[in-house]
Amino acid sequence: MNTTNRLGCLTGTGFVAALITLFVLVGVAFASGSQMFSAGELNAQPGETMGGVTSHADIKECKTCHSAPWERATMADRCLECHTEIASQMLNTAELHGSIVQKSPSIACRDCHQDHRGANAELTNLGENVFPHEALGFSLNEHQRKESGAPITCDDCHGEDVTTFVSDSCQTCHSEMDVAFAQAHLLSFGSDCIACHDGVDRFDDFNHNAYPFKLEGGHANVACTECHLDARSIADMQSAPQSCYSCHYQDDEHNGDYGQECENCHNPSNWEDAQFDHERFAVSNSCVTCHAEPQEHAGQFGTDCASCHTTTAWEPASYNGTHTFPIQHGDGDGSCQTCHPNSLTTYTCYGCHEHNQVNIAAEHLEEGISDYQNCIECHSDGREHEGGDD
């Protein structure tokens with residue numbers, strides 16, 4: 001009795017049976033056009049011509065997309081042979097696919113772009129993958145839930161196509177939060193919200209004083225649109241003029257005579273509290289170059305203003321010219337108006353010496369003085385006349 005037990009598959013009969021089965025399977029595969037190995041129908045949505053086809057459904061050979069296990073090329077390599085524009089993006093981290101390669105190098109094309117799911121199925125499906133919004137300049141940290149508390153989904157911002165952004169999606173959600181603010185903001189800065197906002201509300205607590213143009217004094221409560229009128233992007237915001245004259249030129253009482261550097265004299269805390277510094281201006285030393293001769297001088301003192309006035313304070317002035325009567329006369333305050341109340345061409349002593357004009361006139365007539373009001377003709381040194389003050 002033969003007690004040796006042999007596996008049936010290792011017998012000659014087993015080998016013959018295996019070969020017959022293999023030939024049958026190969027024959028069926030050829031007869032079915034390789035359909036028995038297909039994972040499903042390829043996408044048939046037409047697009048641009050790439051690799052000689054306009055849709056995946058036009059691809060007839062599996063090896064066009066699938067690489068054999070023993071080949072060095074991967075399936076992603078096969079994708080990039082047709083999608084050359086994506087290959088270019090992957091070399092630039094500022095582009096969508098370039099940022100994905102940098103931030104998530106383990107993600108392959110097929111992880112987001114799946115086929116064999118039907119002729120009309122979408123080719124983009126993230127599945128369990130999280131799209132790297134931050135890498136493209138928009139964070140979802142502050143965009144997790146709507147005002148109602150419901151979670152924000154991809155459809156809320158992208159609609160049916162995740163490759164596009166619905167332009168009014170921001171307005172729709174933010175109007176639910178504050179419709180008045182949303183409408184006013186839309187009118188002031190336009191509807192392209194992501195041109196300025198990155199999802200983390202960086203302008204909510206914007207500190208303008210951290211930048212060269214500080215909002216101090218009268219600028220503290222100025223509305224953004226006063227300086228950033230019709231701004232539609234970050235570049236527009238940054239291009240706002242920062243010089244005083246660019247905003248205040250219509251209020252220039254100097255008519256441009258002092259240039260456009262208003263800050264040389266003025267400050268934003270109090271515009272009227274100006275401090276004029278002559279050393280800042282390369283002008284003539286002659287005062288009348290900038291200051292017209294005052295009418296009260298009546299042309300009597302010439303143009304050498306500095307002989308009486310100083311740049312520290314225009315008043316009081318110190319008269320250093322020739323004078324026929326003592327300036328510090330009696331108990332007078334020495335001001336020009338004491339003796340010249342109307343103009344410098346006329347003078348009077350009667351503002352201080354209230355004489356009885358009838359008696360004074362009679363006395364002077366007796367002495368042969370007809371012009372009794374021309375006091376300095378006789379009293380040029382300021383001494384009182386012998387007749388007293390009556």
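Residues numbered from 1 in each chain as written. Predicted model: local features only at pLDDT ≥ 70, side-chain atom pairs only at ≥ 80, totals over all residues. Heavy atoms only, no water.

## Re the overall build of the protein chain
Part 1 of the argument: When helices and strands are tallied, the protein chain shows 13 helices and 0 strands.
Part 2 of the argument: From first element to last, N terminus to C terminus, the protein chain shows the α and β order α-α-α-α-α-α-α-α-α-α-α-α-α.
Part 3 of the argument: Put simply, the protein chain has 390 residues, and 16% of those count as buried.
Part 4 of the argument: Here the analysis covers contacts within the protein chain between residues at least 6 apart in sequence; of these, 42% occur between residues at least 24 apart.
Part 5 of the argument: For the protein chain, the accessible area works out to roughly 28,900 Å², and carbon and sulfur atoms hold 53% of it. (Helix = DSSP H or I, 4+ residues; strand = E, 2+ residues; numbered from the N terminus. Buried < 20%, exposed > 50% of the residue type's maximum accessible area, 1.4 Å probe, protein only. Contact = heavy atoms within 4.5 Å. Areas by Shrake-Rupley, 256 points an atom, 1.4 Å probe, with all protein chains shown as cover.)

## Brief notes about the pattern of salt bridges
Part 1 of the argument: Taken as a whole, this structure holds 3 salt bridges when the rule is applied.
Part 2 of the argument: Residue E61 pairs with K63 through a salt bridge whose shortest N-O separation is 3.8 Å.
Part 3 of the argument: On the basis of relative accessibility, which here comes to 58%, the residue K63 falls in the exposed class.
Part 4 of the argument: For D156, the salt bridge is made with K146, and the minimal N-O distance between the two is 3.2 Å. (Salt bridge = Lys/Arg side-chain N within 4 Å of Asp/Glu carboxyl O.)

## Here's the deal with the packing of aromatic side chains
Part 1 of the argument: What the rule picks out here adds up to 2 aromatic pairs.
Part 2 of the argument: Ring centres 5.3 Å apart and planes at 20° place the aromatic pair F206 and Y211 in the stacked group.
Part 3 of the argument: Given a relative accessible area of 45%, Y211 falls into the partly exposed group.
Part 4 of the argument: Judged by centre distance (6.4 Å) and plane angle (40°), the ring pair of Y245 and Y249 falls under tilted.
Part 5 of the argument: On the accessibility criterion, Y245 (17% relative accessible area) is buried.
Part 6 of the argument: By relative accessible area, which is 43% here, Y249 ends up partly exposed. (Phe/Tyr/Trp six-rings, centres within 6.5 Å; stacked < 30°, edge-to-face > 60°.)

## A look at the side chain of R78
Part 1 of the argument: Structurally, R78 can be placed in helix α2 (residues 75-82).
Part 2 of the argument: When its relative accessible area of 13% is taken as the criterion, R78 is described as buried.
Part 3 of the argument: When sequence neighbours within four positions are dropped, the list of residues in contact with R78 reads K63, T64, C65, H66, S67, E71 and A73.

## A look at the side chain of S169
Part 1 of the argument: As for its position among the elements, S169 is in helix α7 (residues 169-177).
Part 2 of the argument: You can call S169 buried: its relative accessible area is 5%.
Part 3 of the argument: Looking at S169, its side chain comes within polar contact range of the main-chain oxygen of V166, at 2.8 Å. (Polar contact = N/O pair within 3.5 Å; in protein donor to acceptor, adjacent residues only side chain to side chain.)

## Comments concerning a negative patch on the surface
Part 1 of the argument: Side chains of E122, D155, E160 and D161 sit close together on the surface and give a patch of like negative charge.
Part 2 of the argument: Among the secondary structure elements, E160 is positioned in the loop between α6 (154-158) and α7. (Patch = residues over 30% accessible without salt bridge, like charges linked within 9 Å, V, L, I, M, F, W, Y side chains within 5 Å. Lys, Arg positive; Asp, Glu negative; His and termini not counted. Charge placed at Lys NZ, Arg CZ, Asp CG, Glu CD.)

## Remarks on the packing of α7 against helix α8 (residues 179-189)
Part 1 of the argument: At a minimum axis distance of 6 Å, the contact between α7 and α8 shows a crossing angle of 140°. Here α7 is positioned oblique relative to α8, judged by the angle of their axes. Contacts from Q171, H174, S175 and M177 of α7 reach α8 at V179, A182, Q183 and L186.
Part 2 of the argument: Tallied by class, residues from the contact of α7 with α8 come to 4 nonpolar, 4 polar and no charged. (Axes fitted to C-alpha atoms, helices over the stretch in contact; angles between N-to-C directions. Parallel < 35°, antiparallel > 145°, perpendicular 65-115°, else oblique. Nonpolar A, V, L, I, M, F, W, Y, C, P; charged D, E, K, R; others polar.)

## Let's talk about a nonpolar patch on the surface
Part 1 of the argument: Residues V16, I20 and V24 make up a contiguous nonpolar surface patch of roughly 260 Å² in combined accessible area.
Part 2 of the argument: Relative to the helices and strands, V16 resides in helix α1 (residues 12-31).

## A word on unusual backbone geometry
Part 1 of the argument: Although it is not a glycine, H116 sits at a positive phi angle of roughly 60°.
Part 2 of the argument: Notably, D230 is not glycine yet its phi reads approximately 60°, a positive angle.
Part 3 of the argument: You can see D230 is positioned in the loop between α9 (224-227) and α10 (234-238).

## Quick look at the environment of L126
Part 1 of the argument: Structurally, L126 is set in the loop between α5 (109-112) and α6.
Part 2 of the argument: Overall, the relative accessible area of 23% leaves L126 in the partly exposed class.
Part 3 of the argument: As for L126 and D111, which are separated by 15 residues in sequence, their C-alpha atoms are 6.9 Å apart.

## Some points on α7
Part 1 of the argument: Listed in full, the buried residues belonging to α7 are S169, C170 and S175.
Part 2 of the argument: At its buried positions, α7 is contacted by α6 and α8.

## Considerations on the state of the cysteines
Part 1 of the argument: Considering all chains together, one arrives at 0 disulfides under this definition.
Part 2 of the argument: The cysteine C62 is free of any disulfide, with C65 supplying the nearest cysteine sulfur at 8.7 Å.
Part 3 of the argument: When its relative accessible area of 55% is taken as the criterion, C62 is described as exposed.
Part 4 of the argument: We note that C247 lacks a disulfide partner, and the nearest cysteine sulfur, in C227, lies 4.8 Å from it. (Disulfide = S-S within 2.5 Å.)

## Structural notes on the confidence of the model for the protein chain
Part 1 of the argument: For the protein chain, mean pLDDT is 78; residues scoring 70 or higher make up 80% of the total.
Part 2 of the argument: Between residues 385-390, whose pLDDT stays under 50, and residues either more than four places distant or in other chains, the model counts 11 contacts. (pLDDT = per-residue confidence, 0-100.)

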